[in-house]
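# Chains, contacts and geometry: an overview
The residues making up each chain are set out below.
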Amino acid sequence: MPTVVTGARSSKIAFEESGGKQITKGVEFLTEVPLGERFHAELAPGGEVLLCAGAIHSPHLLQLSGVGAASTLNEHNIPLVADLAGVGQNLQDHPACLVAERMRTEYYKYSMTDQVYDDKSNLKLNQVLNYMLFRKGPLTSTGCDHGGFMSSTGSGEADLQLRFVPACSLDPDGVVAYTKAGEMKKNQFKWPGGFTIQLLAVRAKSKGSVGLKNSDPFSSPDINVNYFQDPSDMAVLKYGLSMARKICASDHLAQYIDVEECPGSTRTSDDSLEENIRRTVHSGNALVGTCRMGVDSHDGSVVSAKDMKVHGIEGLRVIDTSVIPTIPGGQTGAPAVMIAERVAALLTR
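The structure reproduced in this document is the subject of the present report. Per chain, the residues get numbers from 1 upward, laid out in the order the sequence is written. Totals for whole chains, interfaces and linings use all residues, but because this is a predicted model, local features are given only for residues with pLDDT of at least 70 and pairs of side-chain atoms are given and counted only at 80 or more. Values reported for side chains reflect all heavy atoms of the structure, with hydrogen atoms and water molecules removed beforehand.

## Section: unusual backbone geometry
Keep this limit in mind: A run of DSSP states H or I qualifies as a helix once it reaches four residues; a run of E qualifies as a strand once it reaches two. Both are numbered from the N-terminal end. Accessibility here uses a 1.4 Å probe with only protein chains present; expressed as a share of the type maximum, an area under 20% marks a residue as buried, one over 50% as exposed, and anything in between as partly exposed.
That bond from Cys 262 to Pro 263 is cis: its omega, 0°, falls within 30 degrees of zero. Looking at where Pro 263 falls in the secondary structure, it is placed in the loop between β13 (257-262) and α8 (270-280). At Ser 121, a residue that is not glycine, the phi angle is positive and equals roughly 65°. Tracing the backbone through its elements, the reader meets Ser 121 in the loop between α3 (112-116) and α4 (125-134). Of the residues examined, Ser 121 reaches a relative accessible area of 3% and is grouped as buried.

Below is the structure:
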């Protein structure tokens, strides 16, 4: 029977050279990080390692294991297994910013947070039971399941996504807002009612990288998301802020709004909006590209587009969004499932 080890941290993929080929032998891992005992999971004959650590940690683990640009590995005294310069390059994401509106107190009841949390930011028991027993109520929503796509240039191809969230973001960084929510509960503060429109540049052209800080597998990777390397990405988000404000100023919504929390009504000039975007930009959670698929290593790719096998290595595949060469113009969940199902079919046929 297969064994599943929970709470483990992979530190290295093991290889062995045989007949001039690099053969994957297994994985080194720990169950207590970073000082626990190191274990080695060895492959059975004909077995494979399926690397599914995502667009940040898949290239990081490959580099720690000796798969990457020779110059980078040499810099960190990591023995070279395969010289693949594309490992960690081509990082892409959906840069995001937002418009957050606090509602007038008499309309707080329409905000999802007011329906779900009490005045001390504790979950309302009746809503928990409503969901668990009847699968109804606000807890059936992901919180950002409404929105739309549009073209900022009029070309017809959507490059901007608007996510409508029926809650006032507690921070201009949509990711940090989750941390703030925990602080609200800890301090027993009431979450102000409101709504948020998050803007995402879904055809972003900027590219970054994932590298090594050192050879320690427990050091965080060196991440350069490189937002706004291409100025067109900034133009998309500025257009998105303008569009979100127009929506909020419409007769249908303006009557409910008390104050614009972010960017703030005093920010009207092009320069001040750009400064706000640069200061508050955050991930749209769509990281891709750092082990991109292609024909062979000569085109800068890391895995074969036919079967996701790492170039020049036997018994190793990458199966996550890091293999996507160009960022999709929408969420990456469905493409990730598609990639997994394709490889699953190859492995089982």
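## Things to note about the packing of aromatic side chains
We count it as follows: Aromatic rings from Phe, Tyr and Trp, with only the six-membered ring used for Trp, were paired whenever their centres fell within 6.5 Å, and each pair was classed as stacked if the ring planes differed by under 30 degrees, edge-to-face if by over 60, and tilted otherwise. For a Lys NZ or an Arg CZ to count as sitting over a ring, it must be within 6 Å of the ring centre and within 35 degrees of the ring normal.
Per the counting criterion, the structure on display carries 7 aromatic pairs. Relative to Tyr 256, the ring of Tyr 110 lies with its centre 6.1 Å away and its plane at 80°, an arrangement referred to as edge-to-face. Taken together, the residues span a long stretch of sequence, with Tyr 110 in the loop between β7 (95-103) and α3 and Tyr 256 in the loop between α7 (251-254) and β13 at a distance of 146 residues. The class for Tyr 110 is partly exposed, based on a relative accessible area of 47%. On the basis of an interplanar angle of 20° and a centroid distance of 5.8 Å, the ring pair of Tyr 117 and Trp 191 is categorised as stacked. In this pair, Tyr 117 sits in the loop between α3 and α4 while Trp 191 sits in the loop between α5 (176-187) and β10 (194-201), placing the two residues 74 residues apart along the sequence. The exposure class assigned to Tyr 117 is partly exposed, which follows from its relative accessible area of 26%. For Trp 191, a relative accessible area of 15% translates into the label buried. Here a set of aromatic residues connected by ring pairs shows up, and it is made of Tyr 107, Tyr 110 and Tyr 256. Geometry around Tyr 131 places Arg 135 over its ring, the cationic atom sitting 4.8 Å from the centre.

## A word on the environment of Asp 93
Here is the rule: Contacts between residues were defined by any pair of non-hydrogen atoms, one from each residue, lying within 4.5 Å. Polar contacts, as counted here, are pairs of nitrogen or oxygen atoms within 3.5 Å of one another; within protein the pair requires one atom able to donate a hydrogen and one able to accept it, and residues that are adjacent in sequence qualify only if both atoms are side-chain atoms.
Tracing the backbone through its elements, the reader meets Asp 93 in the loop between β6 (82-83) and β7. Residues Asp 93 and Pro 328 lie 235 residues apart in sequence; the distance between their C-alpha atoms is 9.5 Å. For Asp 93, the contacting residues outside a window of four places in its chain are Ala 204, Val 225, Tyr 227, Ser 283, Gly 284, Asn 285, Ala 286, Leu 287 and Ile 327. Here Tyr 227 takes part through its side chain, which lies 2.6 Å from a polar atom of the side chain of Asp 93. Among the polar contacts made by the side chain of Asp 93, one reaches the main-chain amide nitrogen of Ala 286 at a distance of 3.1 Å.

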